[in-house]
Each structure stands twice: as structure tokens, then as C-alpha cells.
Amino acid sequence: MKYYNFPPLNMEEYQKLNSLNNTKKAAIYSSGHIGRQILKLLQSKGIEVICFINGPQRSQTGYSQNIPICSLSEFSLKTDVEVPIIYCENHECHETTLRDYLIIPWYLLFHDQKMTYSELLKIDPETFCLAQSNHQRFRQSTPISQTQVEFSYINLCVTQKCTLKCTHCNHLIPGFKHAVHYEIEQIKQALHVLFRGVNYIYKIGILGGEPFLHPQLSEIIEFLLSCPQIGCIEILTNGTILPNKKQTQILKNERIFLRISDYGIHSNVLKSSIQYFQENEVLYYVYQDLLWHDYGLSNQSHGKSTSELVSQFQQCSSAQCYHIKGQKLYHCAYSGSIDQQYLKGYPPIPAVELINSKIGKQLSKELIQFKKMPYINICDYCYGDCGTPVIAGIQMT
């Protein structure tokens, strides 16, 4: 890990940075693997971490050491708090968000690039090895000549089955007439092929449907944990199923955290889940007051211009939120489900096939071109984030 002093924007901020260097409190942006390691590091130095910050949306959680997780908007309301914020994300787009929400200065700590907060209190490098990420360990053992294709985030769909039937589900789960679980061997094969062309995935999300319905979920998680090319694991669930004892033991791994969507009365075990995760020291957070968008499913082209398609793709929160469904990698959940359901009237869906016949260099080139696409053809059949905002989790009648 290299030390790096992020330059202040002006003299006022420079003075503020210096004054905050002596504080005994801090906040950590990101509650993932690195964030939790930084927590241990700061606590060993007598620094009180007042909270984790986890994006702009409203959320709540309990942590094994009673460190709360709050949103940026909630944190910005804490007018009596003026502390350094240690940024532990690999998504540089969050930097602008931090500036938008916070008046106080903030500090950066990228996964394997740079550090601040007065060189993180001039920490002993040997002690800081506690914060070494899976990414760093993998990089140290990886030949330089290997491909450097990386993904910040990929979702792995493990099942088409769900406990709910949400009206505006962008995975189109209610549309699967014969929903199935993806077989574990199929999942393993797809990832083995992917890693021929991908050097590293910072975070992989496990979702469905509802992932806790999969009878081999424990084995799938264990497999992902065994992959050195994967950083941390996020499991997306809807608060309707409590994990079993075997799953719970695995969920205690420091590289795993749960993201629970609160759909009100439909998330019928949410309260008991929170208590259960707190008792078992499982890291989780809850998304509340969620809004989705009505993507306007239609097999009729909207006739958008190329510039409109590019603009929509760049602004859409689902675009480039890559998904593995079966043995294909898609740009978004929506396009993947259209392809998986063989819906008629749509153009061919762009996807990278994760099949055994592909070799590393060939796959790497294909993935690079796939990631560079300025938009995908299905955008002309979808409103994306320009669609009407709707309350998340409304059930079909």
C-alpha cells in the first residue's frame, strides 16, 4: 500500500485538514472488507470510529462492535460532527458524491493505490498489513504478463426463483414460467472460464430471485471465497428468509456482507433477521424507502437517436451493472432476463458467452470490447432511469 497525500482544494481546506489530523474520531466510507480492516487498524490506535457511511441512500444496521452504518444524507445532518472520512471504495465516482453531500473535508484510501489522513496517523506498515486486501494478495502472486482486465462489480444470479412477485422487478422474475436454480457446476464453470480473461473482481454480488432459496447456496459461497480473483461478496436478499445454521457460519466471514431490501410488510422476517444477524455478528445493512423505475417493458422500439441511447446508457444505474446468468455475462439484469426468457420482438442481446472453448487472450479482447460499448441495443426498448419512479417491492395482484 502506497501512502498518498490528497491535495486540498484551497488554503481554508488545508488548514481544516491540519486541524483534523489531531482528532481522535473518524468515519469510514464503505463497510466492506477493507473498511472493516481499517476499523481494526484505527481502533488499535485509539481512534473512535463513529460510523460507517454506505452510499447516498438511507440505510440502517448493527455491527458486531456496535458501529452503525448510515447514509451520506444522514451523516450530513450530524452538524455537531466534524471528523476525517476515510474512503475505502474502488469506485472513483463516489468522490463527487462525497463532495456534493459534505461540507467537511474528506480523505481517500483506494484499495491498493493511496492513503491519507496524515498518512493514516503515520501507521507502522507492518501493522497496516491487517488492511491488506484480497486484491493485494492476489496481485503479489500474479505474473505481470497476465491480463489486467478487471471489474469493480459483477452480479452472479444463482436462481430464478423468488419469494415475492414484484411488479417492477428489473430481473423480470415473475416472467419466468418455469423458474429454476442455476446449478452449482454451471456456476463454477462460468466463473472458471471468466477468470481466463479477467484478472480481478473487486466485489461480486449474489442474487436471484431470492438467493437463500438455493439449496446449495453455502457451497456456492464457499466456492467464491476460494477464488483469489474475488475481493468481497455481497448477498442481496429481500428479508423473507432467515439463513440456516450452516449458512450463518459462512456469513461470518469478514469478506461477506448482506444487503437487505426493506419492502415493508412483504419483508416479513426483517426484524427477526436484524436481531439474528446482530447476535451472530454477521455484517449487514438495510435499504429502506427504496425507489425503482418503471423501465416500460415493451418489444416496440422507441426510435431513439444514437446520442439519446448513449446518454441514457451513461446515466442509467443499471447499465454496466454486469450480470452472470447461466453461462453468459450481460450488461444489465434487464437484458439478461429478456434473453433468458426468450422474449420475442427484441433484437439479439449482446452478451459474452462463458464457454470452455474460449482461451484467455481471445476472451480478454472480447471483454474489453464488451466493456467499451457506448450503449446496447436493448436501451431503445427501455426507459432506464428516465422511467417513472415507483415504490420498490409492490406486489403483483
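Predicted model, so just to flag it, every value in this text is computed and none were measured.

1. Details of the overall build of the protein
Line of reasoning, step 1. Each helix and strand in the protein was counted, giving 14 helices and 16 strands.
Line of reasoning, step 2. Within the protein, buried positions represent 55% of all 397 residues.
Line of reasoning, step 3. Of the roughly 18,400 Å² that the protein leaves accessible, carbon and sulfur atoms contribute 50%.

2. Looking at a nonpolar patch on the surface
Line of reasoning, step 1. On the surface, a nonpolar cluster with roughly 300 Å² of combined accessible area is contributed by L291, I391 and I394.
Line of reasoning, step 2. Tracing the backbone through its elements, the reader meets I391 in strand 16 (residues 389-391).

3. Digging into the packing of aromatic side chains
Aromatic rings in a pair are described by how distant their centres are and how their planes are angled relative to each other.
Line of reasoning, step 1. Applying the stated criterion across every chain, the model contains 8 aromatic pairs.
Line of reasoning, step 2. Ring geometry for Y200 against Y202: centres 5.4 Å apart, planes inclined by 80 degrees, an arrangement best described as edge-to-face. The same class applies to Y200 as to Y202, namely buried.
Line of reasoning, step 3. Residues F277 and Y284 carry aromatic rings whose centres are separated by 5.7 Å and whose planes lie at 40 degrees to one another, so their mutual orientation is tilted.
Line of reasoning, step 4. With a relative accessible area of 3%, F277 lands in the buried category.
Line of reasoning, step 5. Since its relative accessible area comes to 1%, Y284 is described here as buried.
Line of reasoning, step 6. Members of the aromatic cluster, connected to one another through ring pairs, are F151, Y322 and F370.
Line of reasoning, step 7. Here the guanidinium or amino end of K371 rests over the ring plane of F151, the centre of that ring lying 4.4 Å away.

4. Points about the packing of helix 8 (residues 184-197) against helix 14 (residues 360-372)
Line of reasoning, step 1. One can describe the packing of helix 8 onto helix 14 by two numbers: an axis separation of 7 Å at closest approach and a directional angle of 85 degrees. By the angle class used here, helix 8 and helix 14 are roughly perpendicular. Contacts between helix 8 and helix 14 involve V193, L194, R196 and G197 from the first element and G360, L363, S364 and L367 from the second.
Line of reasoning, step 2. Split into classes, the residues belonging to the contact of helix 8 with helix 14 amount to 4 nonpolar, 3 polar and 1 charged.

5. Concerning the state of the cysteines
Line of reasoning, step 1. Taken as a whole and assessed by the stated rule, the structure comprises 0 disulfides.
Line of reasoning, step 2. A disulfide-free cysteine, C379 has its sulfur positioned 6.7 Å from the sulfur of C382, the nearest such atom.

6. Considering the environment of I230
Line of reasoning, step 1. In this fold, I230 is placed in strand 9 (residues 230-237).
Line of reasoning, step 2. Each C-alpha atom, one on I230 and one on R255, is 9.7 Å from the other, the two residues being 25 residues apart in sequence.

7. A few points about helix 14
Line of reasoning, step 1. The end-to-end C-alpha distance of helix 14, which contains 13 residues, comes to 18 Å, matching closely the 18 Å that a straight helix rising 1.5 Å per residue would cover.
Line of reasoning, step 2. The set of residues buried in helix 14 consists of L363, S364, L367 and F370. Mapping the buried residues of helix 14 onto a view down its axis gives an arc of 125 degrees, with all of them on the same face. Helix 14 presents K361, K365, Q369 and K372 as exposed residues on the side facing more than 90 degrees away from its buried surface.
Line of reasoning, step 3. The elements touched by buried residues of helix 14 are strand 7 (150-157), helix 8, strand 14 (328-330) and strand 15 (352-353).

8. With respect to the packing of helix 8 against helix 9 (residues 217-225)
Line of reasoning, step 1. In the contact formed by helix 8 and helix 9, the axes pass within 10 Å of each other and the chain directions differ by 20 degrees. As far as their axial angle goes, helix 9 and helix 8 are roughly parallel. Between helix 8 and helix 9 lies a crossing of right-handed hand. Contacts between helix 8 and helix 9 involve I184, I187, K188, L191 and H192 from the former and E219, I220, F223 and L224 from the latter.
Line of reasoning, step 2. Here the contact of helix 8 with helix 9 is composed, by residue class, of 6 nonpolar, 1 polar and 2 charged.

9. Some points on the pairing of strand 11 (residues 284-287)
Line of reasoning, step 1. Of the two faces of strand 11, the one holding Y284 and V286 and the one holding Y285 and Y287 are both buried throughout.
Line of reasoning, step 2. In this sheet, strand 11 lies alongside strand 10 (residues 256-261) in parallel orientation, the contact comprising 4 bridges. Its bridge partner lying in strand 11, I260 is registered against V286.
Line of reasoning, step 3. Between the parallel pair strand 10 and strand 11, the chain is carried across by helix 11 (residues 270-279), and the sense of this crossover is right-handed.

10. Quick word on the layout of surface pockets
Line of reasoning, step 1. Volume-wise, the second largest pocket comes out at about 610 Å³.
Line of reasoning, step 2. Lining the second largest pocket are 32 residues, and of these L172, G175, F176, Q341 and L343 sit closest to its centre.
Line of reasoning, step 3. Looking at the lining of the second largest pocket, the elements with two or more residues in it are strand 14 and helix 13 (333-340).
Line of reasoning, step 4. It is helix 13 that contributes the most residues to the lining of the second largest pocket, 3 residues altogether.
Line of reasoning, step 5. Its residues assigned to classes, the lining of the second largest pocket shows 14 nonpolar, 12 polar and 6 charged.

11. Considerations on the environment of K246
Line of reasoning, step 1. When you line up the elements, K246 lands in helix 10 (residues 245-251).
Line of reasoning, step 2. Considering only alpha carbons, one finds K246 and L217, 29 residues apart in sequence, at a separation of 9.9 Å.
Line of reasoning, step 3. Setting aside residues up to four positions removed in sequence, K246 forms contacts with S218, E219 and E222.

Rules and cut-offs
- Residues numbered from 1 in each chain as written.
- Predicted model: local features only at pLDDT ≥ 70, side-chain atom pairs only at ≥ 80, totals over all residues.
- Heavy atoms only, no water.
- Helix = DSSP H or I, 4+ residues; strand = E, 2+ residues; numbered from the N terminus.
- Buried < 20%, exposed > 50% of the residue type's maximum accessible area, 1.4 Å probe, protein only.
- Areas by Shrake-Rupley, 256 points an atom, 1.4 Å probe, with all protein chains shown as cover.
- Patch = residues over 30% accessible without salt bridge, like charges linked within 9 Å, V, L, I, M, F, W, Y side chains within 5 Å.
- Salt bridge = Lys/Arg side-chain N within 4 Å of Asp/Glu carboxyl O.
- Phe/Tyr/Trp six-rings, centres within 6.5 Å; stacked < 30°, edge-to-face > 60°.
- Lys NZ or Arg CZ within 6 Å of the ring centre and 35° of its normal.
- Axes fitted to C-alpha atoms, helices over the stretch in contact; angles between N-to-C directions.
- Parallel < 35°, antiparallel > 145°, perpendicular 65-115°, else oblique.
- Contact = heavy atoms within 4.5 Å.
- Nonpolar A, V, L, I, M, F, W, Y, C, P; charged D, E, K, R; others polar.
- Disulfide = S-S within 2.5 Å.
- Expected span 1.5 Å × (residues − 1).
- Arc of directions from axis to C-beta.
- Left-handed = near helix turned anticlockwise from the far one by under 90°.
- Pairing = 2+ DSSP bridges.
- Right-handed = clockwise from strand over helix to strand, strands pointing away.
- 1 Å grid on protein atoms, 1.4 Å probe; cavity = no way out; pocket = protein on both sides within 12 Å on 5 of 7 lines; lining within 4 Å.
- Points joined across faces, edges and corners; volume = space filled by probe spheres on them.

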